[in-house]
Amino acid sequence: MEKKDVIESEDSFPREATKEEIENLTHEPDDIPIIAWLLTFTGAASYLARFGCTVAWQNYLQNPRGNPHLPGALGLGQATATIIQNVFLFFQYLTPLPLGLISDAWLGRYRVMMISLAFLVVGYILLFVTSLPAALDHGAGLGGFIGTIFLIGLGHGGMSAVMYAFIGDQIPERKPIVKRNKSGELVVTDRKLSIQYVFNGYYWMANIASISSIPTTFMEKYIDFWAAYLLPTALLVVAVIPVILWNKKLVKPVPQGNILPQASQVVLIACRSRFKLTAADPNYQKEHHDRTVPWTASFVREISRGLRACRVMICFVIFFLCYNQTTNNIISQAGQMEQQGISNDTIQALNPIFCIILGPVIQSLLFPFLRRRKIAFGPIRRMTVAFVFIAAGIAYAAGLQQLVYSKGPCFNHPLECPAANMGDEGNQARPNEVSIWLQTPLHFLLAIGEILGVVSLNEFTYAEAPTNMKAVVLAFQQVAVAVAAALGAALGPVSKDPDLVILYASLAGTMALSAVLFWAVFRRYDTTSEKIQDENSTDTNQSGSDVEGGKVSDKAHD
């Protein structure tokens, strides 16, 4: 059948797409169920609380109280504050793995999500209470902060483990449909693009939520930390209500039991057979060892794809190590520059602002432009480009830090020399004569890298993960972030003046090298992954998945 014949069949649209139509027509996302957007709203609310509160932590930990130039509370110093921040990140990103296992094996994603939200609410309330002036006067600040990072580390860990997988569960699994889009063009619906679209939408909403850092940093500076913590906490409590009220409309895959032992056996057999997963195939085991194994050949193939995703995640350790600089050292760098009416942690809001602006541009203009012209821009290619932008951003930070060191009054020891003492203005110190707005290109570069890298990683991981281990495998990427946080904590002693130029330059060089190696090793995965997904789409769509209350394909349209 020629393409012309397909186009002439006007009365049959929409209908199931043929193989030729799938190959020749432009692919577009299918309609996204409203319940999927409800989950993105709830997840974005957790980001609102996270960014609204944690953006003030570097100042809260580092600076003493009573400095009108730099707000503070505990006065622990930059190195100690950076180490504590990285310890928190390490803990927060280590907890998703066990919580993902609990989700897939026993409790299910909805229950883990609700438990995690409860941890968050209690943790942020504790932070608010212990940041009150009376509590700080009685020495409750540090103890309350430690309790807070434990509770919200568990909460955000649980949310990280289940949210992307749970949102993906709401997208119905069905065969590709050929239809006319709003422009009158014949297109084929593609579930992969639907997942990509809703994941990008989730990330976009999370960045909108992260703008909460703007009002909270102003409240931190002009009122106090307790006010900065109260606002996002109250908004989180309000945002939890809709997901409770409409929970019966959610697609809730029933946990299939703990398949981790079987997965471990498959990997162990592969390790004993010179890392060949084909040795774990049931037919191979029967033929060579006269052994009957409790798993299927398709399960072995799923494990192989899951391990492929894990290998990609490992390469993101340096990516997250570089990006995590925005939560500590980049904020401190801004504190060494002329504030010009805003606080040093408010300027960080440029990052989500750029994400909000660039996200729709990339999703609605760049991606369709490339698809119409059949230009491949798969997740591996997007992640490689993201590595380059992150390397460029950190290289810019190195150059900017050198510029700060080249200006007075304190040169390579900003805020610390006698010339910085402004005397009649209390504890206020005079920063070096560099405008804080010069950090703008830094946040622009990092925003592009963040959009292309993080969303593509989640998309690739969700597609590659075994059906009954999606939360576990998606949670494994948080282990990469945890390792990055641990490395960041190890770099704490050199996260000080005058060593920061060397630190940023070393990170930028390592990130650039990682981009080259990443592309060299994984570039073939874009083609093989897409081919496997297309081959499996028919089989997947013909079988339903058990959920609480019925089939996924039925409930997704409720």
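Each remark here, short or long, concerns the structure printed above.
Rules used throughout
- Residues numbered from 1 in each chain as written.
- Predicted model: local features only at pLDDT ≥ 70, side-chain atom pairs only at ≥ 80, totals over all residues.
- Heavy atoms only, no water.
- Salt bridge = Lys/Arg side-chain N within 4 Å of Asp/Glu carboxyl O.
- Helix = DSSP H or I, 4+ residues; strand = E, 2+ residues; numbered from the N terminus.
- Buried < 20%, exposed > 50% of the residue type's maximum accessible area, 1.4 Å probe, protein only.
- Axes fitted to C-alpha atoms, helices over the stretch in contact; angles between N-to-C directions.
- Parallel < 35°, antiparallel > 145°, perpendicular 65-115°, else oblique.
- Left-handed = near helix turned anticlockwise from the far one by under 90°.
- Contact = heavy atoms within 4.5 Å.
- Disulfide = S-S within 2.5 Å.
- Phe/Tyr/Trp six-rings, centres within 6.5 Å; stacked < 30°, edge-to-face > 60°.
- Lys NZ or Arg CZ within 6 Å of the ring centre and 35° of its normal.
- Core = buried A, V, L, I, M, F, W, Y, C linked by side-chain atoms within 4.5 Å.
- Nonpolar A, V, L, I, M, F, W, Y, C, P; charged D, E, K, R; others polar.

**Student:** Sorry if this is basic, but what is going on with the pattern of salt bridges here?
**Tutor:** Here the idea is simple: oppositely charged side chains can pair when their charged atoms come close. In the structure shown here, the tally under the stated rule is 14 salt bridges. A salt bridge links Asp137 to Arg65; its shortest N-O distance comes to 2.9 Å. Taken together, the residues span a long stretch of sequence, with Asp137 in helix α8 (residues 133–137) and Arg65 in the loop between α4 (57–62) and α5 (78–94) at a distance of 72 residues. The exposure class assigned to Asp137 is exposed, which follows from its relative accessible area of 56%. Salt bridges sharing partners connect three or more residues here, namely Asp104, Arg109 and Asp169.

**Student:** Hey, could you run me through the packing of helix α10 (residues 191–210) against helix α20 (residues 440–464) in this one?
**Tutor:** Two quantities define a packed helix pair, namely the angle between the helix axes and the distance between the axes. Direction vectors running N to C along α10 and α20 enclose 135°, while the axes themselves pass 10 Å from each other. Relative to α20, the element α10 lies oblique. Judged by the sense of rotation from one axis to the other, the crossing of α10 with α20 is right-handed. Residue-level contacts link Arg191, Ile195, Gln196, Phe199, Asn200, Tyr203 and Asn207 of α10 to Glu450, Ile451, Val454, Val455, Asn458, Glu459 and Tyr462 of α20.

**Student:** Is there a simple way to explain unusual backbone geometry in this structure?
**Tutor:** In most cases, non-glycine residues show a negative phi, while peptide bonds are predominantly trans. Each neighbour pair has its own omega, and for Gly408 with Pro409 the value is 10°, a cis peptide bond. With an omega dihedral of 5°, the bond running from Asp497 to Pro498 counts as a cis peptide bond. In this structure, Pro498 sits in the loop between α21 (470–490) and α22 (500–522). Even without being a glycine, Arg274 presents a positive backbone phi close to 60°. You can call Arg274 exposed: its relative accessible area is 74%. A positive phi angle, near 50°, is found at Asp290, a position not held by glycine. Following the sequence through the fold, Asp290 ends up in the loop between α14 (282–289) and α15 (297–314).

**Student:** Just checking my understanding: could you explain the side chain of Ser213 for this structure?
**Tutor:** Structurally, Ser213 is set in helix α11 (residues 213–222). Setting aside anything within four residues of it in sequence, one finds Ser213 in contact with Phe51, Gly52, Val55 and Ala349.

**Student:** What is the right way to look at the state of the cysteines in this model?
**Tutor:** Under the criterion given, the structure shown has one disulfide. Disulfide pairing places Cys410 opposite Cys417 at an S-S distance of 1.9 Å. Between Cys410 and Cys417, the disulfide has an S-S torsion of -75° and is therefore left-handed. Take Cys310: it sits in no disulfide, and the sulfur closest to it among the cysteines is that of Cys315, at 12 Å. On the basis of relative accessibility, which here comes to 16%, the residue Cys310 falls in the buried class. By relative accessible area, Cys315 is classed as partly exposed at 24%.

**Student:** Looking at this model, I keep getting lost on the packing of aromatic side chains. Mind explaining?
**Tutor:** Aromatic ring pairs are defined here through the distance separating the ring centres and the angle between the ring planes. Counted by the stated rule, this structure contains 25 aromatic pairs. With a centroid separation of 6.0 Å and an interplanar angle of 20°, the aromatic rings of Tyr47 and Phe51 are classed as stacked. Taken together, the residues Tyr47 and Phe51, both in helix α3 (residues 34–54) and four residues apart, mark about one turn of the helix. With a centroid separation of 4.9 Å and an interplanar angle of 45°, the aromatic rings of Phe387 and Phe518 are classed as tilted. Residue Phe387 is located in helix α19 (residues 379–405), and its partner Phe518 is located in helix α22; the two are separated by 131 residues in the primary sequence. The exposure class assigned to Phe518 is buried, which follows from its relative accessible area of 1%. Within the aromatic cluster, the residues linked to one another by ring pairs are Phe316, Phe319, Phe320, Phe387, Phe518, Phe522 and Tyr525. The positively charged end of Arg308 is found above the aromatic ring belonging to Tyr525, 4.9 Å away from the centroid. Positioned above the aromatic ring of Tyr462, the side-chain terminus of Lys470 is 4.4 Å from the ring centre.

**Student:** When you look at the nonpolar core in this model, what are you seeing that I'm missing?
**Tutor:** Nonpolar side chains in soluble globular proteins tend to end up buried together. Counting residues in each nonpolar core, the largest one holds 141 residues, and the members touching the most others are Met113, Leu236, Val312 and Phe319. No other element matches α19, which puts 12 residues into this core. Residues in contact with Met113, not counting those within four places in the same chain, are Leu39, Met159, Val162, Met163, Phe166 and Val243. Counting six residues, the second largest nonpolar core, distinct from the first, contains Phe13, Ala17, Leu25 and Val178.

**Student:** Mind showing me how you'd approach the packing of α3 against α10 here?
**Tutor:** Direction vectors running N to C along α3 and α10 enclose 35°, while the axes themselves pass 8 Å from each other. Regarding α3 and α10, the two cross each other, and that crossing is right-handed. Across the interface between the two elements, Ala36, Trp37, Thr40, Phe41, Gly43, Ala44, Tyr47, Leu48 and Phe51 from α3 touch Tyr197, Val198, Gly201, Tyr202, Met205, Ala206, Ala209 and Ser210 from α10. Considered class by class, the residues forming the contact of α3 with α10 number 13 nonpolar, four polar and no charged.

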